[in-house]
Amino acid sequence: MSQTTQPTSATRHALVLFSGGQDSTACLAWALQRYARVETVGFDYGQRHAIELTQRLVVLDEIRRSFPQWCDRLGEDHLLDLSILGQISSTALTDDRQIELQANGLPNTFVPGRNLLFLTLAASLAYRRDIDVLVGGMCETDFSGYPDCRDDTIKSQQVTLALGLGQRMTIETPLMWLDKAATWALAEALGGPALVALTVQHTHTCYLGERGELHPWGHGCGHCPACDLRRRGFEGYRAKMP
């Protein structure tokens, strides 16, 4: 393909792995700024915080309402049933268990192979919908040490997917080298205070699925690893504001 006919981000279509959390919402806004059409996909794997499956639809509605400039680009949403993950993997994200470190140094919130399976199924869906970009919120700056969040893992899977599908499949990870404070700042850069407020009020990150109290940084139990990381990131972001 010649240089002049090579597709650009302005003409390509993207599929965002969208949980309805802070990170995937920032990734969705990032994709909407860059791609001609953006679809979303979520996964129901028997997670304890299944409230995110409800909130992801709320977030999509709020984005359409608050950001009309993105409406024409925001396309179909998909939800895939991955209950098999809960059947083969007992973790603190799928079972009612205390969150703690395991002997291998990883927290028991690690669902083995989750992101690998997410990306494989997302690529299969994307292939059938003429989409060649996957966007995910994987990050190895502020993360729990999950091996399937590492940059090397994602790059390796990108090569594998392209080989297995027989065509290009790009995996974009805009948060890979950002800490949580920088992720909050990215939301502001993409959508201004309105996107920050939307993130606070409507996204869900808490591992325990609590939507009771609204903290300055959002809803959540306030003490699980996901809430702690989100809170500290928000405080860091606010500290850098003029």
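Residues numbered from 1 in each chain as written. Predicted model: local features only at pLDDT ≥ 70, side-chain atom pairs only at ≥ 80, totals over all residues. Heavy atoms only, no water.

1. Re the overall build of the protein
Along the backbone of the protein there are 8 helices and 7 strands. Buried residues in the protein amount to 49% of all 242 residues. (Helix = DSSP H or I, 4+ residues; strand = E, 2+ residues; numbered from the N terminus. Buried < 20%, exposed > 50% of the residue type's maximum accessible area, 1.4 Å probe, protein only.)

2. Description of the confidence of the model for the protein
Residues of the protein with pLDDT of at least 70 account for 83%, and the chain-wide mean is 87. In this model, residues 1-6 is a region of pLDDT below 50 whose contacts with residues beyond four sequence positions or in other chains number 3 contacts. (pLDDT = per-residue confidence, 0-100. Contact = heavy atoms within 4.5 Å.)

3. Quick look at the pairing of strand E1 (residues 13-17)
Of all 5 residues in E1, 4 are buried; the element is thus mostly enclosed. In terms of strand pairing, E1 meets strand E2 (residues 37-44) through 5 bridges, oriented parallel. Looking at E2, one finds that leucine 17 is bridged to valine 41. Where the polypeptide runs from E1 across helix H1 (residues 22-34) and back to E2, its parallel neighbour, the crossover connection is right-handed. Direction of pairing for E1 relative to strand E4 (residues 133-135): parallel, over a ladder of 3 bridges. Paired with leucine 15 across the bridge in E4 is leucine 134. (Pairing = 2+ DSSP bridges. Right-handed = clockwise from strand over helix to strand, strands pointing away.)

4. Remarks on the nonpolar core
The biggest cluster of nonpolar side chains holds 62 residues, and the ones touching the most others in it are Leu15, Val16, Leu17, Leu28, Ile63, Leu134 and Val135. Counting residues per element, this core draws most heavily on helix H7 (residues 180-202), which supplies 9 residues. The residues touching leucine 15, leaving out its near neighbours within four places in the chain, are Glu39, Thr40, Val41, His78, Ala122, Leu125, Ala126, Ile131, Val133, Leu134 and Val135. (Core = buried A, V, L, I, M, F, W, Y, C linked by side-chain atoms within 4.5 Å.)

5. Focus: the pattern of salt bridges
Pairs can form between side chains of opposite charge once their charged atoms are near each other. Under the defined criterion, the tally for this structure stands at 12 salt bridges. Here aspartate 132 and arginine 12 are joined by a salt bridge, their closest N and O atoms 3.2 Å apart. Of this pair, aspartate 132 sits in the loop between helix H5 (114-128) and E4 while arginine 12 sits in the segment before E1, and the two are 120 residues apart along the sequence. As far as the burial class goes, aspartate 132 and arginine 12 line up, both buried. Notably, a salt bridge pairs arginine 129 with glutamate 39, separated by 2.6 Å at the nearest N-O pair. One end of the pair, arginine 129, is in the loop between H5 and E4; the other, glutamate 39, is in strand E2, and 90 residues separate them in sequence. On the basis of relative accessible area, glutamate 39 is assigned to the buried category, the value being 5%. Via salt bridges that share partners, Arg37, Glu39, Glu76 and Arg129 belong to a single interconnected network. (Salt bridge = Lys/Arg side-chain N within 4 Å of Asp/Glu carboxyl O.)

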